[in-house]
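Notes for the structure review
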Amino acid sequence: MDIQALGAKYHDYLIEMRRWFHANPEVSCEEFNTSARIKEELDKMGIAWRPCGLKTGVMATIEGGKPGKRIMLREDIDALTVNEETGLEYASKNPGVMHACGHDCHIAILLAVAGMLNEIKDELCGTVVLAFQPAEENAKGALGMMQEGLLDGVDVCFGMHVWSDIPSGKISVRDGAAMASADQFIIDIEGVSGHGATPHLCADVVPMTSAIIQSLQTVVSREIDPTETAVLTVGTIQAGTRWNVIAGKAQITGTTRCFSNAVRDQFPEAIERIASQTAAAYRGSVKCQYNGMVPPTINDAKFAALVRSSAKKVLGEDALYDYPLTMGGEDFGYYQQKIPGVMVLFGVGNPACDAVHPQHSCYFKVDEDALIKGAMTHVQIVRDFLNG
Ligand code: NI
């Protein structure tokens, strides 16, 4: 069956699924009903699956009719703690939780892909692994699935994120860096507290913390290669209990972002050195924690070329969209540290259906009619990689 016919056959199923998952969102690591529904749908299609990763990950496998390579398609399944305000008839039934990043679309796309590939499996040379990945939003899911053998024998991996800031049906496929690393740092600052009238008898963490925050800005401006892109943001400060008491403890937390592993490796040492020596200058001390949460998403150029060519077959010659780099993070980068892979952004933006709100907004909407094209693109990539 050709790809257009497959798309026509699965269009309504995909939308039905998307609306069910949209109405029933679950947060990271708690996607129990989501996982159960995915398994139920795979069972209906007669597709083999096994639990994989945390308590809710699902790995399905479709064996082609002939031997060959192994390709993994990954989509994430978790929702966010956002209170939905779209007013859609299939809006979230779980107050305070919403599929505001479009992972409901991802699940539905991958289920449609499962159905389509299952229909053409006899013609495929190799194996397709479908990863329904939990816990992307807290960066635990990819590692959880990898620990349970998701990547065993896999030659290449592919992931797609729907994106409301790209016109419906267009696709952004970058070579090299595609999304940023997203790490966290926590600095506990210690001084000596006392009466607000006797600063000379104390080590005041308030000016100490201010100086640390100011000095941390020099990591990006003075230490990192200026031709690289990097961000260091302090997001929270906590210090003090009362206006006339000198604070003895403070904590700051923040995030770093960049597109290269070499730059990423610079942050922990630089943050620790600047924080500890600045604190020492003010007669205080620090304890630094640097939590590597998500590595940069770095696309394999050769496989990206194949993805562009496959996408044009499905979406048309003018399908490619040059979307600028985003400092957002994606735990897909963990897979790419092990095997070549490509993560793309797929356009679902369309003012005609109010799909104009950014990812994570309580008004987030997508152009549902584009979703089947995303699924067809997956199928074409599989065909071109395994049989091409
Ligand atoms: Ni997302």
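What you see is a predicted model; the values in this text were computed from it and never measured. Every chain is numbered on its own, with residues counted from 1 as its sequence reads. Given that the model is predicted, a residue must reach a pLDDT of at least 70 before its local features are reported, and side-chain atom pairs must reach 80 or more before they are shown or counted; all residues, however, enter totals for whole chains, interfaces and linings. Think of the side-chain values as coming from all heavy atoms in the structure, minus any hydrogens and water.

Our next topic: the pattern of salt bridges. A pair can form between side chains of opposite charge whenever their charged atoms are brought close. The salt bridge criterion pairs a side-chain nitrogen of Lys or Arg with a carboxyl oxygen of Asp or Glu, the two atoms within 4 Å. The tally for this structure, following the rule as stated, stands at 21 salt bridges. Between Glu330 and Arg74 there is a salt bridge whose closest N-O contact spans 2.9 Å. Here Glu330, found in the loop between strand 15 (326-329) and helix 8 (333-336), pairs with Arg74, found in strand 3 (residues 66-76); they are 256 residues apart in sequence, far enough to count as distant. Each member of the pair Glu330 and Arg74 is classed as buried. When the shortest N-O distance is used, the salt bridge between Asp183 and Arg264 registers 2.8 Å. With a gap of 81 residues between them, Asp183 in strand 8 (residues 182-190) and Arg264 in helix 6 (residues 261-281) connect regions that are remote in the sequence. Residues Asp183 and Arg264 agree in their burial class; the two are buried. Via salt bridges that share partners, Arg18, Arg19, Glu89, Asp104 and Glu368 belong to a single interconnected network. Think of it this way: any DSSP run of H or I at least four residues long counts as a helix, any run of E at least two long counts as a strand, and we number them from the N terminus. Working definition: with a 1.4 Å probe on protein chains only, accessible area under 20% of the residue-type maximum means buried, over 50% means exposed, and in between means partly exposed.

All right, on to empty space enclosed by the protein then. Over the atoms rolls a probe the size of a water molecule, and in doing so it shows where empty space is left. Here a cavity denotes grid points, spaced 1 Å and computed from the protein atoms alone, that fit a 1.4 Å probe unable to get out, and a pocket denotes an open set having protein on both sides within 12 Å along at least 5 of 7 lines; residues with an atom within 4 Å of a point are the lining. Grid points are joined across faces, edges and corners, and a volume is the space filled by probe spheres set on the points. One pass over the structure, following the stated rule, counts one cavity of 30 Å³ or more. Taken as a whole, the largest cavity spans an internal volume of roughly 70 Å³. Lining the largest cavity are 13 residues, with Ser172, Arg174, Ala178, Met343 and Leu345 positioned closest to its centre. Elements supplying a minimum of two residues to the lining of the largest cavity: strand 7 (176-180) and strand 16 (341-349).

Take the coordination of the nickel ion next. For Na, K and Ca the donor cutoff is 3.2 Å, while for all other metals N, O and S atoms count as donors only within 2.8 Å; water does not appear among the atoms, so some sites may look incomplete. Only Cys101 (SG), His103 (NE2) and His161 (NE2) from the protein coordinate the nickel ion, and they sit 2.1 to 2.3 Å from it. Sequence spacing among the residues donating to the nickel ion works out to C-x1-H-x57-H. Each member of the pair Cys101 and His103 is classed as buried.

A few words on the environment of Ser28. Mapping Ser28 onto the fold places it in the loop between helix 1 (3-23) and helix 2 (32-45). Sequence spacing of Ser28 and Ala131 is 103 residues, and the spatial spacing of their C-alpha atoms is 15 Å. If sequence neighbours within four positions are ignored, Ser28 has contacts with Asp78, Ala79, Ala135, Glu137 and Asn138. Polar contacts, as counted here, are pairs of nitrogen or oxygen atoms within 3.5 Å of one another; within protein the pair requires one atom able to donate a hydrogen and one able to accept it, and residues that are adjacent in sequence qualify only if both atoms are side-chain atoms. At 2.8 Å, the side chain of Ser28 forms a polar contact with the side chain of Asp78. Contacts are assigned to residue pairs with any non-hydrogen atoms lying within 4.5 Å of each other.

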